[in-house]
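Chains, contacts and geometry: an overview
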Amino acid sequence: VEPLAYGDDKEVCVNVRDVTFAGDGGVGLQVMGPTLVRGCRFTGWDVAAQALDGGWIFCQEDVRFDRNAVALRLNSNFSVSCGGNINNTSFTRNGVALQLERIPGERMGLILDYCTFYGNGTDIENPENYTVELLPTTSMK
């Protein structure tokens, strides 16, 4: 997803729904614009999904990351919001489930709601110590 043009009165957001991203290395989904991901599956990638400058990935409604080296990498220093945080997302058997390299704004936090972490080498890699709120609905095993 390439950088998007924003109008004066609206936000632009790409919607990706019900897509299976099956790979053998490389990057499955790379975004440089706000992207809402729903009902998608990611497996077999070096990096399953990543947000770069200008982008953000909002995982919602039954997103599954399974058996990737890095499931979700957030590495963006600016973005226009198009949704909420990460919810109803499953991270299973990944090397690193969630990698927080850069988050937009002044130490903006991230809320995880109804997420599942199971069998990952590292659940959350957060070297800059961004605020991550795990709601009681999120399980880490």
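To be clear, the structure that these remarks concern was listed above.
For the structure given in this document, a descriptive report is provided here. (Residues numbered from 1 in each chain as written. Predicted model: local features only at pLDDT ≥ 70, side-chain atom pairs only at ≥ 80, totals over all residues. Heavy atoms only, no water.)

1. Details of the overall build of the chain
- Across its full length, the chain carries zero helices and 17 strands.
- By the burial criterion, 43% of the 141 residues in the chain qualify as buried.
- Split by element, the accessible area of the chain, about 6800 Å² in all, is 47% carbon and sulfur. (Helix = DSSP H or I, 4+ residues; strand = E, 2+ residues; numbered from the N terminus. Buried < 20%, exposed > 50% of the residue type's maximum accessible area, 1.4 Å probe, protein only. Areas by Shrake-Rupley, 256 points an atom, 1.4 Å probe, with all protein chains shown as cover.)

2. Overview of the packing of aromatic side chains
- A full pass over the atoms with the stated rule returns five aromatic pairs.
- Seen from their ring centres, Phe-21 and Phe-42 are 4.6 Å apart, and the 0° between their planes marks the pair as stacked. One end of the pair, Phe-21, is in strand β2 (residues 20-22); the other, Phe-42, is in strand β5 (residues 41-43), and 21 residues separate them in sequence.
- Aromatic ring contacts, followed pair by pair, group Phe-21, Phe-42, Phe-65, Phe-91 and Phe-117 into a single cluster. (Phe/Tyr/Trp six-rings, centres within 6.5 Å; stacked < 30°, edge-to-face > 60°.)

3. Side note on the pattern of salt bridges
- The tally for this structure, following the rule as stated, stands at nine salt bridges.
- Among the salt bridges present, the one from Asp-62 reaches Arg-64, with a minimum N-O distance of 3.0 Å.
- On the accessibility criterion, Asp-62 (27% relative accessible area) is partly exposed.
- In this structure, the salt-bridge partner of Arg-73 is Glu-101, at a minimum N-O distance of 3.6 Å. Linking Arg-73 in strand β9 (residues 70-75) with Glu-101 in strand β12 (residues 96-102), this pair joins segments that are 28 residues apart in sequence.
- According to the relative accessible area criterion, Glu-101 is partly exposed, its value standing at 30%.
- The structure contains a network of salt bridges with shared partners spanning Arg-17, Asp-18, Arg-38 and Glu-61. (Salt bridge = Lys/Arg side-chain N within 4 Å of Asp/Glu carboxyl O.)

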